[in-house]
Amino acid sequence: MGRIKKKGEAGNAKNYITRTQAVKKLQISLPDFRKLCIWKGIFPREPRNRKKASKSSTASTTFYYAKDIQYLLHEPLLQKFREQKVLEKKISRALGRGDVTDASRLERNAARPEKTGKPRYTLDQVIRERYPTFVDAIRDLDDCLSMLFLFANLPSTSTIPAKMIARCERLCLEFQHYIIVSQSLRKSFLSIKGIYYQANIQGEDVLWLVPYKFNQRVVGDIDFRIMGTFVEFYMTLLGFVNFRLYTSIGLKYPPKFDQTKDNDAGELGAFKLEGNNAIAASGEAPAQITNGDAGAGPDPATQAEVNKLIRQMREADVDGDRVEAEADKGETTTDAIDKFEPAAPGGDVLPQPSYSGDEPESLFANCTFYLSRETPRQPLEFMLRAFGCKRVGWDSVLGEGAYTTNERDPSITHQIVDRPVIQAATQEDGDVEDNQTSQKLASNQRMPGRIYIQPQWVWDSINDGELKRPDLYAPGAQLPPHLSPFVQNTQGAYDPTIPLEEQQPEGEGLEDSDEELGEDEDEDEDEDEEEADDNLAVKRIEGAAEGMDIAQSDDDGDNDSFGGFSEEEKGEDGDVTDESEDDEQAAEIQYQRELEAELTGKPIKQANPNPRSKAKEEARKRLAKQAKEEAEELDRAKGMLSKKKRKLFEQMQYTNNKKSAEDQKLRAKRRKLEKQKAKAKA
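First, a word on what this report is: a plain description of the structure on this page.

Conventions adopted
Residues numbered from 1 in each chain as written. Predicted model: local features only at pLDDT ≥ 70, side-chain atom pairs only at ≥ 80, totals over all residues. Heavy atoms only, no water. Helix = DSSP H or I, 4+ residues; strand = E, 2+ residues; numbered from the N terminus. Buried < 20%, exposed > 50% of the residue type's maximum accessible area, 1.4 Å probe, protein only. Core = buried A, V, L, I, M, F, W, Y, C linked by side-chain atoms within 4.5 Å. Contact = heavy atoms within 4.5 Å. Salt bridge = Lys/Arg side-chain N within 4 Å of Asp/Glu carboxyl O. Phe/Tyr/Trp six-rings, centres within 6.5 Å; stacked < 30°, edge-to-face > 60°. Axes fitted to C-alpha atoms, helices over the stretch in contact; angles between N-to-C directions. Parallel < 35°, antiparallel > 145°, perpendicular 65-115°, else oblique. Left-handed = near helix turned anticlockwise from the far one by under 90°. Nonpolar A, V, L, I, M, F, W, Y, C, P; charged D, E, K, R; others polar. Pairing = 2+ DSSP bridges.

**A look at the overall build of the protein**
Here is step 1 of the chain: Helices and strands together make up the secondary structure of the protein, namely 26 helices and 11 strands.
Here is step 2 of the chain: Relative to its 682 residues, the protein shows a buried fraction of 29%.

Take a look at the structure:
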């Protein structure tokens, strides 16, 4: 005889445990239990039968695996939580006795992080348990970076201490320094939420979101205690990751931090990298003008010697390249890259290979940028330096650490502005100041030989891997659409980079041309309004004559009754119904013209058939016939499917039709904008 099973000792009742039972079993408070679950990666579970799992008449809402709670019993952090709980009880008892001295002594020994900055516990062991390999930590870095960059931009409140914000900001800047040194940044996108960045770190793509530098308003409906628990864990994680990343490229961690420069909004410039690769990794260009004074430059004699040396080096490089070109002139290039072409006409477009090299990482290596005071300095500085630019200057009001703060520096090749174009002011003598040759820079003046661009040029150049045309991003110009580099174009979907004529269906093209033709006809009708007024009486007489004919045909129709067609005859005549209607309409128009000519005594107006409209009409008929045949073929194919597969196919059709409708709306919107641009140019 088998062993009798007892209720509550097997199945859901044993596998699951409620939150109240878990808290009692661990002997900690509910906030500490939440922290422990977040740090250890334990989350609630949903049993199949909540009634059996609860083991009571009261409906429980939160369940955990019993094995997970048993695993938490051996956590060293539990002892830290219990010690903290005991200490708090001692302090409360001392205050209850009125012994303030004893209470203050216990509080000093508590080593509270709000007072001394020393943590009561460390999460190092938790990090090592959750991420056994470094690749696991890299893969879980997306949420970590997004959360820390968010808290780095928040104001300090009672729930968000200032030390936590400073710690988050410092860790984020250290991570950005690694991205700059290793040149790991790949793509970026400006969105409503913030700026998305994607970097490739040791073969893993990491995507994170950075909010814009606006004044944040902290609302009260957000539980910052839970978010603070995540931030505490993520700060420890990013500290581990930064240490491993810095040591992998031969840099010392943590880098030297200058508090004075940080107080002056130095940000990235407040850190000094050290190590075996520090000179090449720092990427610092020799400082030039830092206070805006044009006379504080280098010694002219020293600068002349340096320029002479650089000129000789360039001439030597040119001669060497010329000799190599002459040597390779007779050789044929055989290092062409293969291209992946789709096997079928409607196949997916495969990503094409490219030459591997340092070209994308050194995109701005030969450029010297100057950021105007209205541009966002932090993201632009980070992106420019991550792609090889060693010389980035900005206005002195944006902070310290600039290559130059003098806007008239002749070494500047590109200036990023984000202000509207203002007309040049007229001087007292009546002459208009030329904004291209003026040396006294104002908001409406330009330096000769310098390229002026808007900030979007930087993002589009990085995403496309090449320097875009500056004239498309000139100040005041209408910018091209900023497209997300993370969206993969699919076959048949709307693509803003392709001309509209190449991706719209033939039916939409015909409708578009009909609208243009209708506009032309409206103009012709405006010209013929006078002739229509003269023929108004003729049309009235004609209407009376047509009424007489209709009455006569009604009388004739009463004599001969028609019983209708059979089903076979209907099927035979169904294909020519549209053609007969068109013929009848054409006959009525011709009859109307004959009546007009007879009453006015003028010759019959010969209709001038427009070959363009005639071809469109034939194409429309052909498309309608083709669509009808495809619909009939689809109905026949659906009839061969089972009921389950037919429903699945209909769901697929619904999804495809929904996407097609969205693409059609986008094409219609683009078509309307293109028409408006064409009218504005005309």
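**What about the nonpolar core?**
Here is step 1 of the chain: Counting 93 residues, the largest nonpolar core has Phe151, Trp208 and Phe364 as its most contacted members.
Here is step 2 of the chain: Residues contacting Trp208, with those up to four places away along its chain left out, are Asp142, Leu145, Ser146, Phe149, Phe175, Leu185, Ile195, Tyr196, Tyr197 and Ala199.
Here is step 3 of the chain: In this structure, Leu87, Ile91, Ala94 and Ala103 belong to the second largest nonpolar core, which totals 5 residues.

**Things to note about the pattern of salt bridges**
Here is step 1 of the chain: Here the structure, examined in full by the defined rule, presents 16 salt bridges.
Here is step 2 of the chain: We note a salt bridge from Arg105 to Asp102, for which the minimum N-O separation is 2.5 Å. Within this pair, Arg105 and its partner Asp102 are both found in helix H7 (residues 100–109), separated by 3 residues, close to a single helical turn.
Here is step 3 of the chain: Exposure remark for Arg105: the relative accessible area of 40% places this residue in the partly exposed category.
Here is step 4 of the chain: Between Arg225 and Asp223 there is a salt bridge, with its nearest N and O atoms 3.3 Å apart.
Here is step 5 of the chain: A relative accessible area of 62% places Arg225 in the exposed class.
Here is step 6 of the chain: Overall, the relative accessible area of 36% leaves Asp223 in the partly exposed class.
Here is step 7 of the chain: Within this structure, Lys40, Glu75 and Glu129 form a network of salt bridges that share partners.

**Re the environment of Ala474**
Here is step 1 of the chain: Residue position: Ala474 is located in the loop between helix H18 (456–464) and helix H19 (500–503).
Here is step 2 of the chain: Judged by its relative accessible area of 22%, Ala474 falls in the partly exposed class.
Here is step 3 of the chain: For the pair Ala474 and Val421, spaced 53 residues apart in sequence, the C-alpha to C-alpha distance is 9.8 Å.
Here is step 4 of the chain: Those residues within four positions of Ala474 in sequence are excluded, and the remaining contacts are Tyr452 and Gln454.

**A closer look at the packing of aromatic side chains**
Here is step 1 of the chain: Under the definition given, this model contains 18 aromatic pairs.
Here is step 2 of the chain: Taking the centre distance of 5.4 Å and the plane angle of 80° together, the rings of Tyr197 and Phe382 count as edge-to-face. Separated by 185 residues along the polypeptide, Tyr197 in strand S4 (residues 195–201) and Phe382 in helix H17 (residues 377–386) bring together distant segments of the chain.
Here is step 3 of the chain: The exposure class assigned to Tyr197 is buried, which follows from its relative accessible area of 2%.
Here is step 4 of the chain: Assessed through its relative accessible area of 1%, Phe382 is described here as buried.
Here is step 5 of the chain: Linked through ring pairs, Tyr131, Phe230, Phe233 and Tyr234 together constitute an aromatic cluster.

**Let's talk about unusual backbone geometry**
Here is step 1 of the chain: With an omega of 0°, the peptide bond running from Tyr253 to Pro254 counts as cis.
Here is step 2 of the chain: Counting through the fold element by element, Pro254 comes out in the loop between helix H13 (224–248) and strand S6 (256–257).
Here is step 3 of the chain: Look at Gln183: it is not a glycine, yet its phi comes out positive at around 55°.
Here is step 4 of the chain: On the secondary structure map, Gln183 appears in the loop between helix H12 (162–182) and strand S3 (185–190).
Here is step 5 of the chain: Look at Gln183 and you get partly exposed, because its relative accessible area is 24%.
Here is step 6 of the chain: Positive phi, close to 65°, is recorded for Ala265, a residue that is not glycine.
Here is step 7 of the chain: Inspection of the secondary structure puts Ala265 in the loop between helix H14 (259–263) and strand S7 (271–272).

**Some words on the packing of helix H11 (residues 141–152) against H13**
Here is step 1 of the chain: Close contact between H11 and H13 brings their axes to 9 Å; oriented N to C, the two are set at 115°. If you check the angle between H11 and H13, you find them roughly perpendicular. Pair H11 / H13 crosses with left-handed handedness. Facing Leu141, Asp143, Cys144, Leu145, Met147, Leu148, Leu150 and Phe151 of H11, the residues of H13 in contact are Phe224, Met227, Phe230, Val231, Tyr234, Met235, Leu237, Leu238 and Val241.
Here is step 2 of the chain: For the contact of H11 with H13, the per-class residue count stands at 16 nonpolar, no polar and 1 charged.

**Comments concerning the sheet that holds strand S8 (residues 368–371)**
Here is step 1 of the chain: A sheet is described by the order of its strands in space; here 4 strands give the open sequence S9-S8-S10-S11, paired in parallel fashion. Edge positions in the sheet fall to strand S9 (391–394) and strand S11 (451–453), since each has one partner strand and no second. For this sheet, the mean angle separating the axes of adjacent strands, direction not counted, is 25°.
Here is step 2 of the chain: Summarising the sheet, S8 and strand S10 (residues 414–416) pair through 3 bridges and their orientation is parallel. Residue pairing across strands places Leu371 opposite Ile416, the latter belonging to S10.

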